[in-house]
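One-letter residues, chain by chain:
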Amino acid sequence: MTSHLPDGLVPGGTSPVFTQDTLPDALQAEHTLASGHWAVLNVLEGSLQFVSLETGTEQLISAPDRVTIRPGLPHRVTLEGRLRCRIDFYREP
């Protein structure tokens, strides 16, 4: 987890908008981004817990906040009730 994207990344797509009912189980389980791939988790409504499994820190992300996720960071999210979120993906050129 970091506060911003590095310069020079190329947009790589956007997820659908997920709700508390459609958030994939894979996002709630431990996972990482591949080398050279970054993501920005945008909370559009409600909140969720972002858990860095590397450091053990948990951060409550509430709308309209977002979190930038670096390649290789083991992480997961935990629902906190009502939610709408989207993930924007980026890659190194």
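Residues numbered from 1 in each chain as written. Predicted model: local features only at pLDDT ≥ 70, side-chain atom pairs only at ≥ 80, totals over all residues. Heavy atoms only, no water.

Chemist: How do you make sense of the overall build of the protein chain when you look at a structure like this?
Modeler: When you go through the protein chain residue by residue, the secondary structure sums to one helix and six strands. When the helices and strands of the protein chain are read in sequence order from the N terminus, they spell out β-β-α-β-β-β-β. Computed over its C-alpha atoms, the radius of gyration of the protein chain comes to 12 Å, within 12% of the 12 Å expected for a compact globule of 93 residues. Principal-axis analysis of the C-alpha atoms places the extent of the protein chain at approximately 35 × 25 × 20 Å. Counting the 93 residues in the protein chain, one finds 34% classified as buried. Taking as baseline every contact in the protein chain between residues at least 6 positions apart, the subset at least 24 positions apart corresponds to 76%. When the accessible surface of the protein chain is split by element, carbon and sulfur atoms take 49% of a total near 5,200 Å². In the protein chain, 7 positive and 11 negative side-chain charges are present, and the distance between their average locations comes to 5 Å. (Helix = DSSP H or I, 4+ residues; strand = E, 2+ residues; numbered from the N terminus. Rg over C-alpha atoms; globule rule 2.2 N^0.38 Å. Buried < 20%, exposed > 50% of the residue type's maximum accessible area, 1.4 Å probe, protein only. Contact = heavy atoms within 4.5 Å. Areas by Shrake-Rupley, 256 points an atom, 1.4 Å probe, with all protein chains shown as cover. Lys, Arg positive; Asp, Glu negative; His and termini not counted. Charge placed at Lys NZ, Arg CZ, Asp CG, Glu CD.)

Chemist: Just checking my understanding: could you explain the pairing of strand S4 (residues 58-62) for this structure?
Modeler: It is a general feature of regular strands that their side chains alternate between the two faces of the sheet. Bridge count between strand S3 (residues 37-52) and S4: five bridges; the pairing is antiparallel. Across the sheet, serine 47 pairs through a bridge with serine 62, a residue of S4. In sequence, S3 turns back onto S4 through a hairpin of five residues, with glycine 56 there showing a positive phi of about 80 degrees. (Pairing = 2+ DSSP bridges.)

Chemist: What am I meant to see in the environment of valine 67 here?
Modeler: In this fold, valine 67 is placed in strand S5 (residues 66-69). The class of valine 67 is buried, set by a relative accessible area of 3%. Along the chain, valine 67 and leucine 83 lie 16 residues apart, while their C-alpha atoms are 15 Å from each other.

Shape descriptors only; they carry no functional weight alone.
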